[in-house]
Amino acid sequence: TTLLKSASNNIKSIYSSNVPFTVSPNPSSGEIEFRGPETVEKVSFELMNILGETVIKRSVSIGEKIQLGSLPNGIYLYRLQSKGKVFSGKLLFRE
């Protein structure tokens, strides 16, 4: 069990060091906020539905909150791009 705990801690630290941006809350009921390193002011944000169609695309500031509007409930994919690096994840939206 010690080996498993150690492996689990290593995975968490590797994951968090490779993903400096977060989108929260997740799941969301209408508003999301962007968090990231203090050295980054703006990122390109793209939100896609499960079919890969872009539903929101804009530049956002770290700490900015945006309204998701009247999106249908479901799972969305997001992409954040900054300084030539791309970070992606899933966002669950439910009103």
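Read on for an overview of the structure.

Remarks on the sheet that holds strand S5 (residues 65-67)
Okay, so step 1: Read across the open sheet, the 3 strands follow the order S1-S2-S5; overall the sheet is antiparallel. In the strand order of this sheet, the two ends are held by strand S1 (22-24) and S5, each with one partner. If you compare each strand with its neighbour and ignore which way they point, the axes differ by 25° on average.
Okay, so step 2: Where S1 lies against strand S2 (residues 31-35), 3 bridges are found, and the strand directions are antiparallel. Across the sheet, residue Ser24 finds its bridge partner in S2, namely Glu33.

Details of the pairing of S2
Working note: regular strand, side chains alternate between the two faces of the sheet.
Okay, so step 1: Turn length for the S1-S2 hairpin, with the two strands adjacent in sequence and antiparallel, is 6 residues, and the turn residue Gly30 shows positive phi of about 150°.
Okay, so step 2: Both S2 and S5 contribute to a ladder of 3 bridges, which runs antiparallel. Paired with Glu31 across the strands is Gln67, a residue of S5.

So, the packing of aromatic side chains
Okay, so step 1: All told, the structure shown has 2 aromatic pairs when counted by the stated rule.
Okay, so step 2: Summarising the aromatic geometry, the rings of Phe34 and Phe45 are spaced 4.8 Å apart at their centres and angled 70° between planes, so their arrangement reads as edge-to-face. Remark: Phe45 occurs in strand S3 (residues 42-48) and Phe34 occurs in strand S2; sequence separation between them is 11 residues. Per residue, the accessibility class of Phe34 equals that of Phe45, and both read buried.

Quick notes on the nonpolar core
What tends to happen in soluble globular proteins is that the nonpolar side chains get buried as a cluster.
Okay, so step 1: Among the nonpolar cores identified, the biggest contains 19 residues, and Ile32, Phe34, Phe45, Leu47, Leu68 and Leu80 are the most heavily contacted of them.
Okay, so step 2: Setting aside residues up to four positions removed in sequence, Phe45 forms contacts with Ile32, Phe34, Ile56, Lys57, Arg58, Val60, Ile66, Tyr78, Arg79 and Leu80.

Section: a nonpolar patch on the surface
Okay, so step 1: Together, Ile50, Leu51, Ile75 and Leu92 line one region of the surface with nonpolar side chains, adding up to about 410 Å² of accessible area.
Okay, so step 2: Counting through the fold element by element, Ile75 comes out in strand S6 (residues 74-82).
Okay, so step 3: We classify Ile75 as partly exposed; its relative accessible area is 47%.

The rules behind each value
Residues numbered from 1 in each chain as written. Predicted model: local features only at pLDDT ≥ 70, side-chain atom pairs only at ≥ 80, totals over all residues. Heavy atoms only, no water. Pairing = 2+ DSSP bridges. Helix = DSSP H or I, 4+ residues; strand = E, 2+ residues; numbered from the N terminus. Axes fitted to C-alpha atoms, helices over the stretch in contact; angles between N-to-C directions. Phe/Tyr/Trp six-rings, centres within 6.5 Å; stacked < 30°, edge-to-face > 60°. Buried < 20%, exposed > 50% of the residue type's maximum accessible area, 1.4 Å probe, protein only. Core = buried A, V, L, I, M, F, W, Y, C linked by side-chain atoms within 4.5 Å. Contact = heavy atoms within 4.5 Å. Patch = residues over 30% accessible without salt bridge, like charges linked within 9 Å, V, L, I, M, F, W, Y side chains within 5 Å. Areas by Shrake-Rupley, 256 points an atom, 1.4 Å probe, with all protein chains shown as cover. Salt bridge = Lys/Arg side-chain N within 4 Å of Asp/Glu carboxyl O.

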